[in-house]
Structures are given as structure tokens and as C-alpha cells.
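For reference, the chains in residue letters:
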Amino acid sequence: NCSILSGIDDCLRLMGPITVSIKGNVIQHQGSDDGDNINIKNGVTGDVAYNYIWSAANNSIKLNTNSKVLFPQTKVNIYNNTIIDGGWRKQGEPTAGILVDAFAAGSVYNNLIVNCVRGIRITAQADTTSIKGKYGYNLFYSIVDSTRSNYYPAGEWGKPQTGDLLSTGLNSYNPMLVNLDQDINAMVDVNNAHLQSGSAAIGKGYTAAPYTSGIGTLMPPGKDIGAFQADGSGNKR
């Protein structure tokens, strides 16, 4: 339930072996021309859920174990986050709303990804055996035509899954946020990411998604996609 605004590099950088519960936060405009908003490495386990992340310079949520030291393994459940306008400031490498890389594992469900340069990147270097069949029910929406082909970028291991909603136009799977800023490079966050009645995200979450019950505030996967649930639960912003 923290609110963090306008840092110059990574916002949260966590190194294992530790177990974490990162839930209900508001993270806005982190990083100048680089910086991951939630950067998790080297054997961290736990949950990242119900966070609202706006305008990340690089990746909004990143999982990584290590390219050489494979254990302890990073294994994190990422669910019910709302990610808007991510990845536009980083140059010279691909960005993502959610990146699973370098022998990391876990699950990725119920995330609402809006106007990001790329949606979900699960690379071939991830622990693809462990994450296979453990992601889906994510909603991707963009007002920018060129990014709709990058919800799951070509050439990566990750592909669209059961329950995913991939918008193909402004009226396709519209999440109907209370307010969605049309300026993807805005410096001030005027979005209101709560769901209006009729949102494509309502009732489309996977409530049986994996989560950790033994640490932090108990916030199981929601029935709606994204951090803000239509019944007022989830992120309390």
C-alpha cells in the first residue's frame, strides 16, 4: 500500500534468497531513461499482486534468476496488476510490461496491460518447463496501432494463452477505465484505472491462479482482471 513517484532508476530491486509480498502499491514514472519498476533477481520467491504501475522507463515487472548461477531460483506469482504506458523511455533494448527471463519461473495471470511498448515477454532463457501452462487470463489494450502486434512479441517463447484478451482496436476488449490518458508520454498521471460497468476485464480473472498464502497480506487472485476490482477490493488507491 505504498505510493512511490519519480525515482531515477529501479524502483524496487530485490535480491534473493528472500520471500516477498509486494501488493497494493502505486508506482508512478520510475526511471529516467532506464530503470525497472519491480526488478526481482537471484532466488526471490513470493507474490507481486494488485499493484498499479504507470510509465515505467524500462520493464514494469521483471523476473530474473542469473545467467550462470541457477539456484536458488527466482519463482514469483505475478497477478492482478494494472500496468499503463510502460517502456517508452528506454532505448537500445526491448522493454516489457512483464518480463520473465534468465532461468526465472512463476506464474502470470489476471494482469491488465495498457499502452505498453510490449506486453509480456517470456524469453527462451526463462525456466520454460516450469512456467508452461502457468500464465494466461491477461488483458492487453492499446490506443497505439503499432504496439498491438507486441502483446506477446514475435520471436519470444511466450505466446497467447487460454483466457487472454488481446484487443485489436479501440472498441475491442476495451477495459473501460474511468479515465485513460491518451498521451502515452505524459509526465503527470491523470489516469483513473478503476473499471467502469461494461469493462471487458470484469469477470474475466482466473481465481484459481497460484499465490502464496503464508506471507504478507492475504490477497488471492481476483475475479476481475487488473489491480482494481469492480467490487471495490484489490488496490485501495
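Trainee: Would you take a moment to explain the overall build of the protein chain for this structure?
Mentor: Scanning the protein chain from terminus to terminus reveals one helix and 19 strands. For the protein chain, the C-alpha radius of gyration of 16 Å lies close to 18 Å, the compact-globule estimate for 237 residues. When the backbone C-alpha atoms are referred to their principal axes, the protein chain occupies close to 45 × 40 × 35 Å. Here the protein chain holds 237 residues, and the buried ones make up 56% of them.

Trainee: Got a minute to help me understand the pairing of strand 8 (residues 61–64) in this structure?
Mentor: The two faces of the sheet receive side chains in turn, since in a regular strand these alternate between them. Burial along strand 8 is two-sided: the residues Ile 61 and Leu 63 and Lys 62 and Asn 64 are all buried. Sheet topology places strand 5 (residues 38–41) next to strand 8; four bridges connect them, and they run parallel. Its bridge partner being in strand 8, Ile 40 is matched across the sheet by Leu 63. Looking at chain direction, strand 8 and strand 11 (residues 98–101) are connected through four bridges and run parallel. Bridge pairing in strand 11 links Ile 61 to Ile 98.

Trainee: I'm lost on the nonpolar core in this one. Help?
Mentor: A general feature of soluble globular proteins is that nonpolar side chains tend to end up buried together. Ranked by internal contacts, the top residues of the largest apolar core, which has 28 residues, are Ile 98 and Val 100. Of all the secondary-structure elements, those providing two or more residues to this core are strand 3 (19–23), strand 5, strand 8, strand 9 (75–79), strand 11 and strand 14 (120–122). Apart from the residues lying within four places of it in its own chain, the contact partners of Val 100 are Leu 63, Val 108, Arg 121, Ile 122, Thr 123, Ala 126 and Ile 131. Judged by nonpolar contacts, the second largest core, of 19 residues, contains Tyr 52, Trp 54, Tyr 141 and Ile 225.

Trainee: Teacher, can you tell me more about the sheet that holds strand 6 (residues 45–49) here?
Mentor: The strands making up a sheet are joined through hydrogen bonds of the backbone, oriented either antiparallel or parallel. Taken together, the five strands give an open sheet; going across it, the order is 3-6-9-12-15, and neighbouring strands pair in parallel fashion. Looking at the sheet topology across the chains shown, the edges are occupied by strand 3 and strand 15 (135–136). As defined by bridge partners, strand 3 adjoins strand 6 across five bridges and the pair is classed as parallel. By the bridge assignment, Thr 19 is partnered in strand 6 with Thr 45.

Trainee: What is the right way to look at the layout of surface pockets in this model?
Mentor: Unfilled space is identified by rolling a water-sized probe across the atoms. Of the voids in this model, the largest pocket is the one considered here, and its volume is about 220 Å³. As for the largest pocket, its lining consists of 14 residues, and the residues nearest its centre are Tyr 50, Thr 217, Met 219, Ser 233 and Gly 234. Its residues assigned to classes, the lining of the largest pocket comprises four nonpolar, seven polar and three charged.

Trainee: How do you make sense of the pattern of salt bridges when you look at a structure like this?
Mentor: Where charged atoms from two side chains of opposite charge approach closely, those side chains can pair. Under the criterion given, the structure shown has eight salt bridges. For Glu 93, the salt bridge goes to Lys 90, with nearest N and O atoms at 3.8 Å. Between Lys 223 and Asp 231 there is a salt bridge; the shortest N-O distance is 2.8 Å. Exposure remark for Lys 223: the relative accessible area of 42% places this residue in the partly exposed category. Within this structure, Asp 34, Lys 90 and Glu 93 form a network of salt bridges that share partners.

Trainee: What exactly am I supposed to notice about a nonpolar patch on the surface here?
Mentor: A cluster of nonpolar side chains, namely Met 187, Val 188 and Val 190, defines an oily patch on the protein surface of about 320 Å² accessible area. Residue placement: Val 188 occurs in the loop between strand 18 (177–179) and strand 19 (192–195).

Basis of the calculations
- All residue numbers here refer to positions counted from 1 along the written sequence of the relevant chain.
- Local features are withheld for residues below a pLDDT of 70 in this predicted model, meaning they are given only at 70 or higher, and side-chain atom pairs are given and counted only at 80 or more; totals for whole chains, interfaces and linings count all residues.
- Where side-chain values are given, they derive from all heavy atoms of the structure, hydrogens and water being excluded.
- In this text, helices come from DSSP runs of H or I with a minimum length of four residues, and strands from runs of E with a minimum of two, each type numbered from the N-terminal end.
- As defined in this context, the radius of gyration uses C-alpha atoms, and a globule is described by 2.2 Å times the residue total to the power 0.38.
- Burial here depends on accessible area, computed with a 1.4 Å probe over protein chains only, as a share of the maximum for the residue type. Under 20% is buried, over 50% is exposed, and the range in between is partly exposed.
- Only strands joined by at least two bridges in the DSSP assignment are considered to pair.
- Residues enter a nonpolar core if they are buried and are Ala, Val, Leu, Ile, Met, Phe, Trp, Tyr or Cys, with the set joined through side-chain atoms within 4.5 Å.
- Contact criterion: two residues are considered in contact whenever any of their non-hydrogen atoms come within 4.5 Å of each other.
- Both cavities and pockets are sets of points on a 1 Å grid over the protein atoms alone; in a cavity a 1.4 Å probe fits but cannot get out, in a pocket the set is open with protein on both sides within 12 Å along at least five of seven lines, and lining residues sit with an atom within 4 Å of a point.
- Grid points are joined across faces, edges and corners, and a volume is the space filled by probe spheres set on the points.
- Only Asp, Glu, Lys and Arg are considered charged in this grouping, and only Ala, Val, Leu, Ile, Met, Phe, Trp, Tyr, Cys and Pro are considered nonpolar; every other residue, Gly among them, is considered polar.
- By definition here, a salt bridge exists when the distance from a side-chain nitrogen of Lys or Arg to a carboxyl oxygen of Asp or Glu is within 4 Å.
- Surface patches are drawn from residues lacking salt bridges whose relative accessible area is over 30%; two like charges belong together within 9 Å, two nonpolar side chains (Val, Leu, Ile, Met, Phe, Trp, Tyr) within 5 Å.
- With residues, only the protein chains shown are counted as cover, and all accessible areas are computed by Shrake-Rupley using a 1.4 Å probe.

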